[in-house]
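# Structural description and commentary
As a plain string of letters, each chain reads:
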Amino acid sequence: LGFIEIFPDEFSYAEEMQIFNQAEMIIGVFGSGMANMIFCQKRAKVLILQPDSCNWRGLSFPMKFVELTYGYHFGNSFRRIERFHNTEWIVDVDA
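Residues numbered from 1 in each chain as written. Predicted model: local features only at pLDDT ≥ 70, side-chain atom pairs only at ≥ 80, totals over all residues. Heavy atoms only, no water.

## Regarding the overall build of the protein
Definition in use: The way it works is that DSSP assigns letters per residue, a run of H or I at least four long becomes a helix, a run of E at least two long becomes a strand, and they are numbered from the N terminus. Only protein chains enter the accessibility calculation, which uses a 1.4 Å probe. A residue is then buried if its area is under 20% of the maximum for its type, exposed if over 50%, and partly exposed in between. Here, two residues are considered to be in contact whenever any of their heavy atoms come within 4.5 Å of each other.
Secondary structure summary: the protein contains two helices and three strands in total. Reading the protein from its N end, one meets helices and strands in the order α-β-β-α-β. For the protein, the proportion of its 95 residues judged to be buried stands at 34%. Within the protein, counting contacts between residues at least 6 apart in sequence, those at least 24 apart form 39% of the total.

Structural data, given as structure tokens:
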């Protein structure tokens, strides 16, 4: 599908800004790394993955402010662990 996996903490702040600014679509697990979406171009698309147990939509305000098209996918990761950021997810792109 043309996606590239990145880990924002492996880049400098300037590199993170550039990566997110050039992205047309971002899919990521809910967490602080997704705050970089404030550097996206208007109308970029963002999909945030969250477990069913975490029904907080705190990233909605910055996404509206930057005029992003966004959504949340609530579901299960492979492992039900407290730190769901570091586990694999399945997303049905046709759903």
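## Focus: the pairing of strand S2 (residues 45–51)
Short version of the rule: Any two strands with at least two DSSP bridges between them are considered paired.
Counting buried positions along S2 gives six out of seven residues, so the element sits mostly inside the fold. Sheet analysis places S2 next to strand S3 (residues 69–75), joined by seven bridges and oriented parallel. Bridge assignment links Gln50 to a residue of S3, and that residue is Phe74.

## With respect to the environment of Phe7
Take Phe7: it is sitting in the segment before helix H1 (13–22). The exposure class assigned to Phe7 is partly exposed, which follows from its relative accessible area of 41%. Each C-alpha atom, one on Phe7 and one on Gly33, is 8.0 Å from the other, the two residues being 26 residues apart in sequence.

## With respect to the nonpolar core
Counted only if it meets this: As used here, the term nonpolar core means buried Ala, Val, Leu, Ile, Met, Phe, Trp, Tyr and Cys residues forming a set that is joined through side-chain atoms within 4.5 Å.
In terms of nonpolar packing, the biggest core is built from 14 residues, with Met37, Cys40, Val46, Ile48, Met63 and Leu68 touching the most fellow members. In contact with Cys40, other than residues within four places in its own chain, are Phe20, Asn21, Ile26, Val66 and Leu68.

## A word on a nonpolar patch on the surface
Stated precisely, the cut-off is as follows: Each patch is assembled from residues with relative accessible area greater than 30% and no salt bridge, linking like charges that lie within 9 Å and nonpolar side chains (Val, Leu, Ile, Met, Phe, Trp, Tyr) that lie within 5 Å. Throughout, the Shrake-Rupley method with a 1.4 Å probe supplies accessible areas, and for residues the shown protein chains are the sole cover considered. Salt bridges are defined by distance alone: a side-chain nitrogen of Lys or Arg within 4 Å of a carboxyl oxygen of Asp or Glu.
A grouping of Leu1, Phe3, Met25 and Ile27 is seen on the molecular surface, where their side chains present a nonpolar patch of about 440 Å² in accessible area. Positionally, Leu1 belongs in the segment before H1. Exposure remark for Leu1: the relative accessible area of 84% places this residue in the exposed category.

## Focus on the sheet that holds S3
Within a beta sheet, neighbouring strands are joined by backbone hydrogen bonds and run either parallel or antiparallel to one another. Here is the rule: Here the axes come from fitting lines to C-alpha atoms, over the contacting stretch only for helices, and the angles between their N-to-C directions go from 0 to 180 degrees.
A sheet is described by the order of its strands in space; here three strands give the open sequence S1-S2-S3, paired in parallel fashion. The open sheet has two edge strands, strand S1 (25–29) and S3, and neither has a second partner. Ignoring strand direction, the axes of neighbouring strands in this sheet form an average angle of 15°. In terms of strand pairing, S1 meets S2 through five bridges, oriented parallel. When the sheet's bridge partners are listed, Gly28 is paired in S2 with Ile48.

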